[in-house]
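Observations on the three-dimensional arrangement
The primary structure of each chain is shown beneath.
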Amino acid sequence: MNFDWSVVGAHRDALAAATGMTVLLTVATMAIAVPCGIVVAALRLYAWTPVRAVATAYVELFRNLPLILVVYWAFYVLPIATGLGLSPFATGLAALALNVTAYNAETFRAGIGSIRRGQLEAAMALGMSRAQAVRRIVLPQAVRRILPVLASTWVSLFKDTSLVSVIAVSELAYVAMQIRAQTFRVLEMLTAMAAVYWLLGYPQAKLVDWIQRRYAVTE
Amino acid sequence: MNFDPSVIIEHWRFLSYGIGVTIALAAASGAASLALGFVVALARLFGPRWLRPAVVLYIDSMRAVPVLVVLIWTFFALPILTGLTMSPFVAALIGLTVHLAAYAAEIFRAGIESVRPGQTRASLALGMSRSQILRRIVLPQALVRMLPAFGSLLSITIKDTAIASVIAVPELMRQSETLAGQSFQPIEVYSFAMLVYFLILFPVTRGVDRIYQRVAHLGRS
């Protein structure tokens, strides 16, 4: 067995660009999935019953599907259904956003639902308007419960971006496997890929632990 | 857009084989990761002091690295290192187990730690041994409390088996890819796969919730 680790150094620019793409995918997906998640959660909580049923069906469907299947499905079905020639990046982003929006919607719904109704009523009895009560009483408590969950969704999302490699989005997993195929340095490239994910993911996982301790709710 | 489901009926045996492999892989890796996760949690909580940092590093590393990376590394890189070749199924089983056991270990740890230390002290005062306390006092309460978390872990396990398609395990995702490529009917095939995964996963998550509601009172203290 002889290993040639110089292959990693020789492709460092490509790996760095691919790492940037992974981070970009994570940030862009979250930027879409947080507002959309709030909208879907609001629809599930307050909308007209048929709309509520549609929102519920959407959330349950995407929470119960493997993401890799959603990625393939988006790749083949979205161009036909919409008539648009989407780039792999846009397709991957759409699949990730559809998936994460469903999880976020559930997070927001649970966060708001976890604040007992009596608190809102008590605030209104003290003379606050409904908007004031929601802003000053319900939201500050809900945010404490939502934030740690969003943080762990973030880490899951960061890892799940690797799945869009199957439709040739040039993020870290895809690029590393391409270089592996070109150079035949299988062990070196795959280990480098794992190491980059580890270096980025480990601090995030630790940060999530810290956020969860910091915002722990004791009742 | 025309939708022709006959491709599913024609290749029913091919697809149902994939469903069988998906279920077998999920069951095997689920059971193996439970067993490994329990050992890891015990090592983290009660193991020798020198072992604990290594256990924590293992758990946190698995939380930091995508399961796709673990699977690909196990299948392509591990044989180079060890000289042993493995079938895709065995590689997927090893990769998924090593990945999911870290999550299972965290669930066991959180469950065991959720039982108040006063109960352990009281049992010690009554003359029970450490293993007796774990077996008779702590685990019966902790296992009930862990149930919802294990329900989500089971659902994650089933979803993660689909990622084994990238190392050519002939489970439902892989069979669907192959059939979609050969029949040029990706919409029908992938929509069918979505339906099957949903029909497997939805009852699993709902069923665990149901069971938990039944037994939740047993975990209170």
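The structure reproduced in this document is the subject of the present report.

Moving on to the overall build of chain B. A count of helices and strands for chain B gives 9 helices and 0 strands. Start at the N end of chain B and walk to the C end: the helices and strands fall as α-α-α-α-α-α-α-α-α. Seen through its principal axes, chain B has C-alpha atoms that stretch 70 × 45 × 25 Å. Counting over 221 residues, chain B shows a buried share of 48%. For chain B, the proportion of contacts with a sequence separation of at least 24, taken over those separated by at least 6, is 74%. Total accessible area on chain B is roughly 10,700 Å²; 67% of this is exposed by carbon and sulfur atoms. For chain B, the centre of its 18 positive side-chain charges and the centre of its 10 negative side-chain charges are spaced 22 Å apart.

Right, let's talk about the interface of chain A and chain B for a bit. Frequently, the measure chosen for interface size is the accessible area removed from exposure when the parts meet. At the interface, 39 residues of chain A touch 38 residues of chain B. Across the interface of chain A and chain B, roughly 3,500 Å² is buried in total on both sides, 76% from carbon and sulfur atoms. It is Asn64, Leu69 and Lys159 of chain A that lose the most area in chain A upon contact with chain B, and together they represent 17% of the buried surface on that side. Arg63 of chain B is the salt-bridge partner of Asp209 of chain A, the closest N and O atoms lying 2.9 Å from each other. Across the chain A-chain B interface, the total number found is 11 residue pairs in polar contact (both at pLDDT 80 or more). Within the residue set of the side of chain A that touches chain B, elements represented by two or more residues are helix H3 (49-63), helix H4 (67-82), helix H7 (130-160), helix H8 (172-183) and helix H9 (186-214) of chain A.

What counts, and at which threshold
- Residues numbered from 1 in each chain as written.
- Chains lettered and ligands numbered in written order.
- Predicted model: local features only at pLDDT ≥ 70, side-chain atom pairs only at ≥ 80, totals over all residues.
- Heavy atoms only, no water.
- Helix = DSSP H or I, 4+ residues; strand = E, 2+ residues; numbered from the N terminus.
- Buried < 20%, exposed > 50% of the residue type's maximum accessible area, 1.4 Å probe, protein only.
- Contact = heavy atoms within 4.5 Å.
- Areas by Shrake-Rupley, 256 points an atom, 1.4 Å probe, with all protein chains shown as cover.
- Lys, Arg positive; Asp, Glu negative; His and termini not counted.
- Charge placed at Lys NZ, Arg CZ, Asp CG, Glu CD.
- Buried area = accessible area lost by both parts, 1.4 Å probe.
- Salt bridge = Lys/Arg side-chain N within 4 Å of Asp/Glu carboxyl O.
- Polar contact = N/O pair within 3.5 Å; in protein donor to acceptor, adjacent residues only side chain to side chain.

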